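Architecture and fold: a report
If you want the building blocks of each chain, they are given just below.
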2 protein chains.
Amino acid sequence: MIHASRPSTLQTIGEFGLIRALEQHCHHLRSDVLQGIGDDAAILRTTPNEALIVSTDLAIEGIHFDLSFESFQDVGYRTAVANISDMAAMGATPKFLLVGLAVPPSTAVKSLKDLYRGFKEPCRRYNISMVGGDTSSSQSGLFLCMTILGQVKTNHALKRSGAKVGDHVYVTGTLGDSKAGLQILQRRATQKNPNAPQPYESFLIKRHLRPTPRPAMGQQLAKSRWAHGAIDISDGLSGDIQHLCKASGVGVELWASQLPISRQCATYAKAYGHSSIELALEGGEDYELLFTVSPRHQQTMAKLSRTFKTPLTCIGEIRPRSFGLKLKSEGGISRSIAKHSYDHFSKKPIR
Amino acid sequence: MIHASRPSTLQTIGEFGLIRALEQHCHHLRSDVLQGIGDDAAILRTTPNEALIVSTDLAIEGIHFDLSFESFQDVGYRTAVANISDMAAMGATPKFLLVGLAVPPSTAVKSLKDLYRGFKEPCRRYNISMVGGDTSSSQSGLFLCMTILGQVKTNHALKRSGAKVGDHVYVTGTLGDSKAGLQILQRRATQKNPNAPQPYESFLIKRHLRPTPRPAMGQQLAKSRWAHGAIDISDGLSGDIQHLCKASGVGVELWASQLPISRQCATYAKAYGHSSIELALEGGEDYELLFTVSPRHQQTMAKLSRTFKTPLTCIGEIRPRSFGLKLKSEGGISRSIAKHSYDHFSKKPIR
């Protein structure tokens, strides 16, 4: 008996299914590819001592950003930061940027100059040069593809795969602010004459539109070789801790009471009946660093936090794979960390 | 008196106007950027001796390709070749590829696997590894952004800017085949039951769908330091010779009688009342190499052609800038080479 089956589409297999399907086609690897697909960036040996770190990120109107409530400059800024954050996650010094840009022909030149102003702001701060790109017209909306290149000493590159059982799990900054800021922007976009945002709202909006990547911290963690496993928070803590644990072959216990939540995010969550823990877990685009270190480095981490004037919080501990991935609530009850990473093919835009 | 003017859009300033406007934002250059925007690829000094060559290219459905008459595998193949050809134009060895890929959620997984099969074919032939990428959904059509990385000895990289007065202008292979093949495909797509293509048509279709890049020739030209200026034919000879002359600050005389035109292209031109000279001048996507060498290397070029089993034709001579850019017809009459490069913002898709 023959079953006629419908051909599978991206809707049925989802984004991660697609990535798995396509990875099979990427197995022809040169010997100078130290790490191919599967981390925040590829690691390439172009010289005996220095590795080249390279990563590509898409930013598409209606999927990754919404010009009804953010400016071209905001979009440029956030796209550059997303790429710089990938370099931070590898411990690399970001150096060069290339931009593929497709735009509807009716777009104002001023808007595109604003977009480039957005790119330029973090590029200047982190000494990154825009060295190339390509432009084309688009039949629907703005389409960006950014490639970033950086360097790090070959054996120093941070990877998702190095976490060890017993490691403490650290995160920089605070979590959930960006998602809260996005929700505020989305809500205000539907209101006719929204009131001026309250100070806590302005803070969260800024955290969404002007996130802070952590390249200096990443570089220090790589140079010192303190960090065993590292990733940046782009999908959200719950998704990104899963990527790290899967790559390292380990489990984790995260402690809800320790998740770093800003005063402003807590105020927002209370005002709108949200859970700030959920915001911290599910909020993507925080662009904070998540990494694991041996517990003997506890004092060092405190010192590192002071040196870089960046909050560093221990939010859990790496466990054996058999333990699974759990979140221990403030009341001491553990629950599995569910996978909530954003899937571009199975959810509706935006985000 | 104040004139209220409409804000300029991409339609009014065109693609090259946009590039000029955006280049102003790319002037913050690190000292290790040896060549930024303005050539086929950027030249970056990542080690004392070897330069990293990197380039990004867009390929967008409805602009760069049409799935009504080419397969996903064809699109993958051609996109990879366009990138490899950029490396050839710099004399670099192509090594690593990254792909940003946005697709409508209803796309069949099989189609995307075919796309990757298309990427893989030239990658295997030239020993290039796919090392990274990003995927997303698209609200309209397939969107590809490919980044390629290669290496070349620092002072050996070929540039558009090195052509010298008196140089001979050479081109590999034959010109115009790809455009003729595209026209045949477009014509057949509008016919209800087209006849089987004639052999000359099949040849030209294949030249469009499966172009041959020239990385080995480019590498040899770089290593030997014979070539003074180089570019690949992606926009079309008339447009690309202008890019080369502008970057080198020179003029040129091209000889219509010497343009290398395949027998099949000549047959096609005759059958449809086209000018094969015009096809050779205006046809983009040939991915042949155009370069200039001192006339004393005439014998060397003949030998090079035999060694690489690749036709090499001298099609003109570099002149002072004041001479301009001219095409000398078979009857001895000269005319200016008009600019016919494709502008994505001022013409209608497709191409």
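Residues numbered from 1 in each chain as written. Chains lettered and ligands numbered in written order. Predicted model: local features only at pLDDT ≥ 70, side-chain atom pairs only at ≥ 80, totals over all residues. Heavy atoms only, no water.

**Some thoughts on the packing of aromatic side chains**
- In total, this model carries seven aromatic pairs over all chains according to the counting rule given.
- Aromatic side chains A:Phe143 and B:Phe143 sit 2.8 Å apart centroid to centroid with 25 degrees between the ring planes, which places their arrangement in the stacked category. Taken as a pair, A:Phe143 in strand 6 (residues 143–153) and B:Phe143 in strand 6 (residues 143–153) lie in two separate chains rather than in one.
- Between B:Tyr116 and B:Phe119, the ring centres sit 5.0 Å apart and the planes meet at 65 degrees, which makes this aromatic pair edge-to-face. On the criterion of helical spacing, the pair formed by B:Tyr116 and B:Phe119 is a turn pair, its members being three residues apart in helix 3 (residues 109–125).
- We classify B:Tyr116 as buried; its relative accessible area is 6%.
- Note that B:Arg30 overlies the ring of A:Phe96, its terminal NZ or CZ placed 5.6 Å from the centroid. (Phe/Tyr/Trp six-rings, centres within 6.5 Å; stacked < 30°, edge-to-face > 60°. Helix = DSSP H or I, 4+ residues; strand = E, 2+ residues; numbered from the N terminus. Buried < 20%, exposed > 50% of the residue type's maximum accessible area, 1.4 Å probe, protein only. Lys NZ or Arg CZ within 6 Å of the ring centre and 35° of its normal.)

**A closer look at the pattern of salt bridges**
- In total, this model carries 25 salt bridges over all chains according to the counting rule given.
- Across the pair A:Lys110 and A:Asp114 runs a salt bridge, and its minimum N-O distance is 2.7 Å. Here the residue A:Lys110 and the residue A:Asp114 both occupy positions in helix 3 (residues 109–125), the gap between them amounting to four residues, near one helical turn.
- Under the relative-accessibility criterion, A:Lys110 is labelled exposed at 56%.
- Residues B:Glu253 and B:Arg319 are paired through a salt bridge, measuring 3.3 Å at the closest nitrogen-oxygen approach. Here B:Arg319 lies in strand 11 (residues 312–320) and B:Glu253 lies in strand 9 (residues 250–255), a separation of 66 residues in the sequence.
- Residue classification places B:Glu253 among the buried positions, given a relative accessible area of 8%.
- When salt bridges that share partners are traced, they join A:Asp177, A:Arg207, A:Arg214 and A:Glu288 into one network. (Salt bridge = Lys/Arg side-chain N within 4 Å of Asp/Glu carboxyl O.)

**Thoughts on the domain arrangement of chain A**
Residues and elements named next belong to chain A.
- The domain boundaries assigned to chain A delineate domain 1 (31–156) and domain 2 (160–336).
- Computed over C-alpha atoms, the centres of domain 1 and domain 2 are 22 Å apart.
- In this assembly, 25 residues from domain 1 lie in contact with 24 residues from domain 2.
- In total, domain 1 and domain 2 occlude about 2200 Å² of area from one another, counting both sides; carbon and sulfur atoms represent 54% of this.
- Area buried by domain 1 at its contact with domain 2 is led by Phe69, Arg78 and His156, which between them contribute 27% of it.
- If you look at where domain 1 meets domain 2, you find three salt bridges.
- When the shortest N-O distance is used, the salt bridge between Glu285 and Arg78 registers 2.9 Å.
- Summed over the shared surface of domain 1 and domain 2, the result is five residue pairs in polar contact (both at pLDDT 80 or more).
- Where the side of domain 1 that touches domain 2 is concerned, the elements lending two or more residues are helix 2 (72–90) and strand 4 (93–103).
- It is helix 2 that contributes the most residues to the side of domain 1 that touches domain 2, 11 residues altogether.
- When grouped by side-chain class, the residues that make up the side of domain 1 that touches domain 2 number 11 nonpolar, seven polar and seven charged. (Domains from an automatic or database assignment. Contact = heavy atoms within 4.5 Å. Buried area = accessible area lost by both parts, 1.4 Å probe. Polar contact = N/O pair within 3.5 Å; in protein donor to acceptor, adjacent residues only side chain to side chain. Nonpolar A, V, L, I, M, F, W, Y, C, P; charged D, E, K, R; others polar.)

**Some thoughts on the sheet that holds strand 4 (residues 93–103) of chain B**
Residues and elements named next belong to chain B.
- Pairing is mixed in the open sheet, where six strands are placed in the order 1-2-3-6-4-5. The outermost strands of the open sheet, each flanked by one partner alone, are strand 1 (33–35) and strand 5 (129–137). Between one strand and the next, the sheet's axes are offset by a mean angle of 20 degrees, whatever the strand orientation.
- Helix 3 contacts strand 4, strand 5 and strand 6 of the sheet and is inclined by roughly 170 degrees relative to strand 4. (Pairing = 2+ DSSP bridges. Axes fitted to C-alpha atoms, helices over the stretch in contact; angles between N-to-C directions.)

**Side note on helix 10 (residues 298–307) of chain B**
All names here are of chain B.
- Those residues of helix 10 that sit buried are Met301, Leu304 and Ser305. For helix 10, the angular spread of the buried residues around the axis is 100 degrees, confining them to a single face. Turned more than 90 degrees away from the buried face of helix 10 sit Gln299, Lys303, Arg306 and Thr307, all of them exposed.
- Looking at the buried residues of helix 10, the elements they touch are strand 7 (168–172), helix 6 (215–224), strand 10 (289–293) and strand 11.
- Among the residues trailing helix 10, Lys309 stands out with phi positive, at a value near 45 degrees. (Arc of directions from axis to C-beta.)

**A closer look at the environment of B:Thr300**
Residue and element names in this part refer to chain B.
- When you line up the elements, Thr300 lands in helix 10.
- Taking relative accessible area as the criterion, Thr300 reaches 23% and is therefore assigned partly exposed.
- Taking C-alpha positions, Thr300 is 9.2 Å from Trp226, a pair spaced 74 residues apart along the chain.

**Here we look at the sheet that holds strand 3 (residues 50–60) of chain A**
Residues and elements named next belong to chain A.
- Reading across from one edge, 1-2-3-6-4-5 is the order of the six strands in this open sheet, with mixed pairing throughout. Edge positions in the sheet fall to strand 1 (33–35) and strand 5 (129–137), since each has one partner strand and no second. Neighbouring strand axes in the sheet, compared pairwise and without regard to direction, differ in orientation by 20 degrees on average.
- Here 11 bridges tie strand 3 to strand 6, and the two strands are oriented antiparallel to one another. Each bridged residue has a counterpart across the sheet, and for Ile60 the counterpart in strand 6 is Phe143.

**Let's talk about the relation of the copies chain B and chain A**
- For the pair chain B and chain A, the best superposition has an RMSD of 0.0 Å and corresponds to a rotation of 180 degrees with a translation of 0.0 Å parallel to the axis. Such a turn and shift between the copies fits a two-fold axis.
- A symmetric contact is evident, with 100% of the interface residues of chain B recurring at the interface of chain A. (Least-squares fit on C-alpha atoms with pLDDT ≥ 70 in both.)

**Notes on the pairing of strand 6 of chain B**
Residues and elements named next belong to chain B.
- Of all 11 residues in strand 6, 10 are buried, a share of seventy percent or more.
- Examined bridge by bridge, strand 4 and strand 6 share nine bridges and lie antiparallel to one another. Bridge assignment links Ala102 to a residue of strand 6, and that residue is Phe143.

**With respect to the nonpolar core**
- In terms of nonpolar packing, the biggest core is built from 52 residues, with B:Ile53, B:Leu101, B:Leu112, B:Leu115, B:Leu221 and B:Phe291 touching the most fellow members.
- Each of domain 1 (11–156) and domain 2 (160–336) of chain B contributes no fewer than three residues to this core.
- Each residue touching B:Leu221, except ones within four places of it in the same chain, is listed here: B:Leu158, B:Trp226, B:Ala227, B:Leu289, B:Phe291, B:Met301 and B:Leu304.
- Among the nonpolar cores identified, the runner-up in size contains 51 residues, and A:Ala51, A:Val109, A:Tyr116 and A:Ala157 belong to it. (Core = buried A, V, L, I, M, F, W, Y, C linked by side-chain atoms within 4.5 Å.)

**A word on the interface of chain B and chain A**
- In this complex, chain B contributes 77 residues to the contact, which on the side of chain A involves 77 residues.
- Across the chain B to chain A interface the summed buried area is about 6500 Å²; carbon plus sulfur atoms make up 65%.
- Counting every contact that joins chain B to chain A gives 14 residue pairs in polar contact (both at pLDDT 80 or more).
- Only helix 1 (10–23), strand 2 (42–45), strand 3 (50–60), strand 4, helix 3, strand 5 and strand 6 of chain B provide two or more residues apiece to the side of chain B that touches chain A.
- Looking at the side of chain B that touches chain A residue by residue, the classes come out as 39 nonpolar, 27 polar and 11 charged.

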